Amino acid sequence: MSEAKPFCISKWEVWEAYKRVKANHGAAGVDEQSMEDFERDLKGNRYKIWNRMSSGRYFPPPVRTVKIPKANGGERKLGIPTVADRIAQQVVKSRLEPAVDPLFHPDSYGYRPGKSALDGVGQARQRCWRYDGIIDRDIKGFCDNIPNDRMLGAVKKHAKEQGMVLYIERWLKAPTQEEDGQLVPREKGTPQGGVISPLLANLFLHYGFDRWMAKTYPQLPFARFADDASVHCRTEGEAPEVRAAIAARMRECGWELHPEKTKIVYGKEDDRRGAYPNEKFDFLGYTFRPRRSKSRKGKYCINFSPAVSDKAVKAIRAEIGSWDLHVRSDKRIEDRSRMFNPIIRGWLQYYGGFYRSALYPPMKQLDRALARWAERKYKKVRGHLRRATHWVARISRRDPKLWAHWQMGVRRGSLAGAV
């Protein structure tokens with residue numbers, strides 16, 4: 001370490017950070033430099049990042065704002081750093097994460113090594129069977145309202161090197177550039193879209209919610225993924241008191257519970273009687289509600305379980321519709337499957353984790369689209385949708401691995417055959 005290079009950052013760290021950022025893809029930032037552009041002078045660009053970070057002269061550029069439509073009609077703002085800035089953030093994240101992640105609560109599942117959203121869904125599922133009341137908690141404008149001074153206080157508590165604190169402070173203060181080019185100063189919050197933002201959010205929620213819950217209500221389990229959480233109460237009557245305490249705690253942290261998305265839910269099953277205003281809730285793309293299922297003894301019963309949410313199904317249907325499968329009749333069915341199977345596998349892997357049969361309806365829609373494609377492509381079924389449907393069914397039985405979703409129907413007969 002020297003006066004010219006007060007921060008000990010190796011070129012190998014920058015190289016490893018570059019590889020991770022490249023693997024995650026991502027759009028260009030305010031400089032409009034894509035990953036391909038960055039790689040045209042890869043050695044020189046990596047050297048610039050290393051030289052500036054190790055000397056303390058790295059200053060992040062503004063973050064490009066992109067508005068993403070929400071399902072409810074609103075908009076979510078994402079902050080897109082430049083490629084170089086994402087690499088710099090990854091360098092610091094790779095140093096800070098090993099220091100703080102082991103301290104996090106075991107029921108914090110968001111953006112953590114070895115944890116996943118499906119782990120959180122599974123944990124919530126088990127607890128819904130044992131607890132009557134559930135608080136479905138959501139924080140309004142979570143990332144945009146993290147107080148910078150408190151965030152830096154948490155960072156300083158765990159960051160062993162001054163350089164990490166310095167750069168995190170600069171990232172927290174970096175302005176945003178709106179779509180019209182206007183620069184907007186940031187006084188609080190960490191932009192959604194930054195490489196280091198999820199880690200900082202988890203660190204703040206560790207102190208703002210997880211540790212507080214463990215101390216205040218040690219008897220009540222919860223599952224949290226970023227700002228989305230389900231808290232399980234022993235009785236229906238206990239839930240309002242806990243909800244009020246959580247709301248007060250969130251205000252102390254500078255947040256507000258979302259008035260529409262935060263609610264008390266009653267986990268109704270066979271042995272729980274009565275009618276209640278809320279008997280279902282959404283968590284991580286799954287809807288938890290009373291469902292008919294078969295017990296280990298072979299008897300049918302009602303239990304509180306998750307399945308792909310209506311919102312997620314609607315998004316899947318919209319995605320399938322956007323493919324316009326019936327239009328490209330010049331393509332072979334094998335060409336179409338190679339194009340779309342990665343997306344379908346992603347749906348099946350995530351939303352098929354629990355109550356997989358709930359995915360049958362949107363997958364049947366996909367088979368109907370394939371039947372319309374076959375009707376346009378082949379003369380022998382042209383103008384006969386029923387024949388085209390049977391043709392797709394025969395293909396699915398003959399080669400069930402051709403389309404990823406066809407393997408869902410192997411035991412019950414082809415999905416295509418049920419169109």
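Residues numbered from 1 in each chain as written. Predicted model: local features only at pLDDT ≥ 70, side-chain atom pairs only at ≥ 80, totals over all residues. Heavy atoms only, no water.

### Overview of the overall build of the protein
Along the protein, the regular secondary structure elements total 13 helices and 11 strands. Seen through its C-alpha atoms, the protein measures out along the principal axes to roughly 75 × 60 × 40 Å. In the protein, which comprises 419 residues, the share counted as buried stands at 49%. Excluding contacts between residues fewer than 6 apart, the proportion of contacts in the protein whose partners are at least 24 apart in sequence is 67%. (Helix = DSSP H or I, 4+ residues; strand = E, 2+ residues; numbered from the N terminus. Buried < 20%, exposed > 50% of the residue type's maximum accessible area, 1.4 Å probe, protein only. Contact = heavy atoms within 4.5 Å.)

### Observations concerning the pattern of salt bridges
A full pass over the atoms with the stated rule returns 15 salt bridges. With a closest N to O distance of 3.6 Å, Asp335 and Arg332 form a salt bridge. The class for Asp335 is partly exposed, based on a relative accessible area of 21%. With a closest N to O distance of 2.6 Å, Arg338 and Asp335 form a salt bridge. Remark: Asp335 and Arg338 occur in helix α11 (residues 333-351); sequence separation between them is 3 residues, near one turn of the helix. Salt bridges here are not isolated pairs; linked through shared partners, they connect Glu13, Arg95 and Glu161. (Salt bridge = Lys/Arg side-chain N within 4 Å of Asp/Glu carboxyl O.)

### Some points on the packing of helix α4 (residues 83-100) against helix α7 (residues 162-173)
Axis separation between α4 and α7 bottoms out at 11 Å; the angle between their running directions is 135°. One finds that α4 runs oblique with respect to α7. When the axes of α4 and α7 are compared, the crossing they make is left-handed. Where α4 abuts α7, its residues Asp85, Ala88, Gln89, Val92, Arg95 and Leu96 lie against Met164, Tyr167, Ile168 and Trp171. Classifying every residue of the contact of α4 with α7 by side-chain character gives 7 nonpolar, 1 polar and 2 charged. (Axes fitted to C-alpha atoms, helices over the stretch in contact; angles between N-to-C directions. Parallel < 35°, antiparallel > 145°, perpendicular 65-115°, else oblique. Left-handed = near helix turned anticlockwise from the far one by under 90°. Nonpolar A, V, L, I, M, F, W, Y, C, P; charged D, E, K, R; others polar.)

### Some points on the packing of helix α12 (residues 360-377) against helix α13 (residues 385-398)
Two numbers describe how α12 lies on α13: the axes approach to 8 Å, and their chain directions differ by 115°. Regarding the angle of α12 to α13, the classification is roughly perpendicular. Seen along the crossing, α12 lies across α13 with a hand that is right-handed. For the pair α12 and α13, contact is made by Asp367, Leu370, Ala371, Arg372, Trp373, Ala374 and Glu375 and by Leu385, Ala388, Thr389, Trp391 and Val392, respectively.

### Focus on unusual backbone geometry
With phi around 60°, Leu284 is a residue other than glycine that occupies positive phi space. Within the secondary structure, Leu284 sits in the loop between β9 (281-283) and β10 (286-294). For Leu284, a relative accessible area of 14% corresponds to the buried category. A positive phi angle, near 50°, is found at Asp324, a position not held by glycine.

### Section: the sheet that holds strand β6 (residues 222-225)
To summarise the sheet geometry, strands pair through backbone hydrogen bonds and adopt either a parallel or an antiparallel arrangement. Spatial strand order, β6-β7-β3-β8: 4 strands in an open sheet with antiparallel pairing. If you trace the sheet from one side to the other, it starts and ends with β6 and β8 (263-266), each paired once. For this sheet, the mean angle separating the axes of adjacent strands, direction not counted, is 20°. The pairing of β6 with strand β7 (residues 228-233) spans 4 bridges and is classified as antiparallel. (Pairing = 2+ DSSP bridges.)

### Observations regarding the nonpolar core
In this structure, Met53, Ile87, Met151, Ile168, Met213, Ile246 and Trp255 are the most contacted members of the largest nonpolar core, which totals 61 residues. If one sorts the elements of this core by residue count, helix α8 (residues 197-216) sits on top with 10 residues. Setting aside chain neighbours within four positions, we find Ile87 in contact with Val14, Ala17, Tyr18, Val21, Phe38 and Ile49. Ranked by size, the runner-up nonpolar core spans 49 residues in total, among them Ile320, Phe354, Trp373 and Trp391. (Core = buried A, V, L, I, M, F, W, Y, C linked by side-chain atoms within 4.5 Å.)

### Observations regarding helix α1 (residues 11-23)
Its 13 residues give α1 an end-to-end C-alpha distance of 19 Å, which sits within 8% of 18 Å, the value for a rise of 1.5 Å per residue. Taken together, the buried positions of α1 are occupied by Glu13, Val14, Ala17, Tyr18 and Val21. Down the axis of α1, the buried set is contained in an arc of 140°. They therefore lie on one face. In α1, the exposed positions that point more than 90 degrees away from the buried face belong to Trp12 and Ala23. The elements touched by buried residues of α1 are α2 (35-39), α3 (42-55) and α4. Of the residues flanking the end of α1, it is His25, one or two places downstream, whose phi is positive at about 60°. (Expected span 1.5 Å × (residues − 1). Arc of directions from axis to C-beta.)

### Looking at a positive patch on the surface
Together, Lys70, Arg76, Lys261 and Lys311 make up a region of like positive charge exposed at the surface. Secondary-structure assignment places Arg76 in strand β2 (residues 75-80). With relative accessibility at 34%, the residue Arg76 sits in the partly exposed group. (Patch = residues over 30% accessible without salt bridge, like charges linked within 9 Å, V, L, I, M, F, W, Y side chains within 5 Å. Areas by Shrake-Rupley, 256 points an atom, 1.4 Å probe, with all protein chains shown as cover. Lys, Arg positive; Asp, Glu negative; His and termini not counted. Charge placed at Lys NZ, Arg CZ, Asp CG, Glu CD.)

### Quick word on empty space enclosed by the protein
Counting across every chain of the model gives 1 cavity of 30 Å³ or more. By volume, the largest cavity is sized at about 90 Å³. In terms of lining, the largest cavity is formed by 16 residues, of which the most central are Gln89, Trp171, Thr190, Pro191 and Ser197. Looking at the lining of the largest cavity, the elements that each hand over two or more residues are α4, α7 and α8. Residue classes in the lining of the largest cavity are distributed as 10 nonpolar, 4 polar and 2 charged. (1 Å grid on protein atoms, 1.4 Å probe; cavity = no way out; pocket = protein on both sides within 12 Å on 5 of 7 lines; lining within 4 Å. Points joined across faces, edges and corners; volume = space filled by probe spheres on them.)

### Considering the packing of aromatic side chains
Scanning the model with the defined rule gives 23 aromatic pairs in all. Ring centres of Tyr167 and Trp171 lie 6.3 Å apart, and the angle between their planes is 45°; on these two criteria the pair is classed as tilted. Of this pair, Tyr167 and Trp171 both sit in helix α7, 4 residues apart, which is roughly one turn of the helix. In this pair, the class of Tyr167 matches that of Trp171, namely buried. (Phe/Tyr/Trp six-rings, centres within 6.5 Å; stacked < 30°, edge-to-face > 60°.)

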